[in-house]
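Structural overview
Chain by chain, the residues:
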Amino acid sequence: MGDSNQTSPERFILLGLSNVPYLQVIYFIMFLIMYLTTLSGNVFLIIVVRINSKLQTPMYFFLINLSIIDICFSSTILPKILINTLSDDRSISLFGCALQMYFHMALGGAECVLLAVMAYDRFVAICKPLHYQTIINKRVCACLASISWAAGFANSLIHTPLTFQLPFCKFHLNHFFCEMPPFFQLSCKDTRINEIVMHIAGQFIIMCVFFLTVISYVHIIFTIFKIRSSQGRQKAFSTCASHLTVVSVYYGTIMSMYLKPRSTYSPEIGKIMSILYTAVTPMLNPIIYSMRNKEVKDTIKIKLFRQLNH
């Protein structure tokens, strides 16, 4: 019996990661831990920044925006995965699928641009420290953050309607959420136009912000090498190390997912890449920034522990 006879066109079946019972339990526990860690870690980081007046700086303003994006990003994907992993009914409505794809792409795009904005912030702080307060003022911070959010949602507003205008002959999606590359395989129409639009938008957003980040760090590295004090160089490197770690993981997985031609797309590799940037990266971001940041660690030790003791 064909897929079209097994389910109505108004619903899709998410095949998920595995049908093996014991693996489903393992995946459920794994995703639950990642989701709870993501929520608690990012909320904790936001609270730490809010309670310490010394952390009311542009860098931490962007960091709070990153935490909010990560919370929303994970909440768009992981709850549905948790439900589907142990449920017999793995279906998702057409509207639910479109909504998931829209917010997933919007928040993913917003994070992409925000990471480039954070690189620019580090560039100004290290390369032009005397002009930092003038260049990165409150108005500029609000503007850059707004651009990040707007770019993500505008990009998603192009792709999602274009994807769901396609006619579908299959309704079993070999993935754990509604994502464009695997979704194209369900269409009985040539998706070349969708793929071209996806690659153009991907190259424009992902590659542009990636190169802006690289250019920023090239200038940063040259500036750091000019610092005579080894302690000064180490301090400058430490402020950038966390961001570079996050950028490397996030951009690497996004590029491998959205800039590859359809002929080279592998469902299994696609699932692994998707797990990395939808579940692992949002979970690691607050850990990376907290563990390598002295001011955050000091706030946790002094203020939070003091309040708990009282």
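Residues numbered from 1 in each chain as written. Predicted model: local features only at pLDDT ≥ 70, side-chain atom pairs only at ≥ 80, totals over all residues. Heavy atoms only, no water.

**So, the nonpolar core**
Counted only if it meets this: Residue types Ala, Val, Leu, Ile, Met, Phe, Trp, Tyr and Cys, when buried and joined through side-chain atoms within 4.5 Å, form a set referred to as a nonpolar core. Each residue gets one of three labels from its accessible area relative to the maximum for its type: buried under 20%, exposed over 50%, partly exposed in between, using a 1.4 Å probe on protein chains only. The way it works is that DSSP assigns letters per residue, a run of H or I at least four long becomes a helix, a run of E at least two long becomes a strand, and they are numbered from the N terminus.
Formed by 82 residues in total, the largest nonpolar core has its most connected members in F12, F183 and Y251. Per-element accounting of this core gives the leading share, 17 residues, to helix α4 (residues 94-127).

**Describing the confidence of the model for the protein**
The condition that has to hold: Summary of the metric used: pLDDT quantifies the predictor's per-residue confidence within the range 0 to 100. Here, two residues are considered to be in contact whenever any of their heavy atoms come within 4.5 Å of each other.
On average, the protein scores 83 in pLDDT, and the residues at 70 or more come to 88%. Mean pLDDT in the protein bottoms out at helix α1 (residues 3-6), which sits at 42, and peaks at helix α6 (residues 138-163), which reaches 93. Throughout residues 1-8 the model reports pLDDT below 50, and contacts reaching past four residues in sequence, or to other chains, amount to 10 contacts.

**Thoughts on the pattern of salt bridges**
This is how the line gets drawn: Salt bridges, as used here, are contacts in which a Lys or Arg side-chain nitrogen is within 4 Å of a carboxyl oxygen on Asp or Glu.
Applying the stated criterion across every chain yields a total of 3 salt bridges. Between R122 and D121 there is a salt bridge whose closest N-O contact spans 2.9 Å. Judged on exposure class, the residue R122 and its partner D121 are both buried. Here R192 ties to D190 by a salt bridge, and the two come within 3.6 Å at their closest N and O atoms.

**Some thoughts on helix α2 (residues 21-51)**
Note the following rule: Expected helix span is computed as 1.5 Å times (number of residues minus one).
In this model, α2 (31 residues) spans 45 Å end to end at C-alpha, consistent with the 45 Å of a helix rising 1.5 Å per residue. Those residues of α2 lying buried are Q24, F31, M34, Y35, T38, G41, N42, L45, I46, V48 and V49.

**Topic: the environment of M273**
The residue M273 is located in helix α10 (residues 267-291) in this model. A C-alpha to C-alpha distance of 9.8 Å links M273 and Y250, two positions 23 residues apart in sequence. Those residues in contact with M273 that lie beyond four places of it in its chain are T253, S256 and M257.

**Concerning the sheet that holds strand β3 (residues 172-173)**
The strands that make up a sheet pair up through hydrogen bonds in the backbone, lying either parallel or antiparallel. Spelled out, the test is: In short, DSSP must find at least two bridges between two strands for them to pair.
On the basis of which strands lie adjacent, the open sheet formed by 3 strands has the order β2-β1-β3 and mixed pairing. With partners counted over all chains shown, the strands left at the sheet margins are β2 (91-93) and β3, one partner each. Where strand β1 (residues 11-14) lies against β3, 2 bridges are found, and the strand directions are parallel. The partner of I13 across the bridge, within β3, is H172.

**Remarks on the state of the cysteines**
The condition is simple: Note on terminology: pairs of cysteine sulfur atoms within 2.5 Å are recorded as disulfides.
One pass over the full model with this rule turns up 2 disulfides. Sulfur-sulfur distance for the disulfide between C97 and C178 comes to 1.9 Å. Across the S-S bond linking C97 and C178, the dihedral sits near -115°, which makes this disulfide left-handed. With C97 in helix α4 and C178 in the loop between β3 and α7 (180-183), the pair connects residues that are 81 residues apart, well separated along the chain. Given a relative accessible area of 0%, C97 falls into the buried group. Two residues, C169 and C188, share a disulfide whose sulfurs are 2.2 Å apart. What sets the handedness of the C169 and C188 disulfide is the S-S torsion sign, and at about 90° it is right-handed. Placement of the pair is C169 in the loop between α6 and β3 and C188 in the loop between α7 and α8 (192-226), with a sequence separation of 19 residues. Exposure remark for C188: the relative accessible area of 47% places this residue in the partly exposed category. When the cysteines of the protein that form disulfides are numbered from the N-terminus onward, they connect as 1-3, 2-4.

**Here we look at empty space enclosed by the protein**
Put simply, the rule is: The pocket and cavity definitions rest on a 1 Å grid over protein atoms only: a 1.4 Å probe that fits but cannot leave marks a cavity, an open set with protein on both sides within 12 Å along at least five of seven lines marks a pocket, and residues lining either have an atom within 4 Å of a point. Grid points are joined across faces, edges and corners, and a volume is the space filled by probe spheres set on the points. Under the scheme applied, nonpolar residues are Ala, Val, Leu, Ile, Met, Phe, Trp, Tyr, Cys and Pro; charged residues are Asp, Glu, Lys and Arg; polar residues are all the others, including Gly.
This model, assessed by the stated rule, comprises 3 cavities of 30 Å³ or more. Of the voids in this model, the largest cavity is the one considered here, and its volume is about 190 Å³. If you go around the largest cavity, you meet 17 residues; those closest to its centre are M105, G109, N155, I206 and Y258. Classifying every residue of the lining of the largest cavity by side-chain character gives 11 nonpolar, 6 polar and no charged. The space that makes up the second largest cavity amounts to roughly 120 Å³. Together, L14, G16, L17, S18, Q24, Y27, I81, N84, T85, R90 and F176 line the second largest cavity. Looking at the lining of the second largest cavity, the elements that each hand over two or more residues are α2 and α3 (58-86). When grouped by side-chain class, the residues that make up the lining of the second largest cavity number 5 nonpolar, 5 polar and 1 charged.

**A few points about α8**
Just so we agree on the cut-off: To get the bend at a residue, fit one axis to the 7 residues ending there and another to the 7 starting there, then take the angle between the axes.
Counted at 1.5 Å a residue, the expected span for α8 with its 35 residues is 51 Å, and the 49 Å between its end C-alpha atoms agrees. G202 marks the point of greatest bend in α8, at about 25°.

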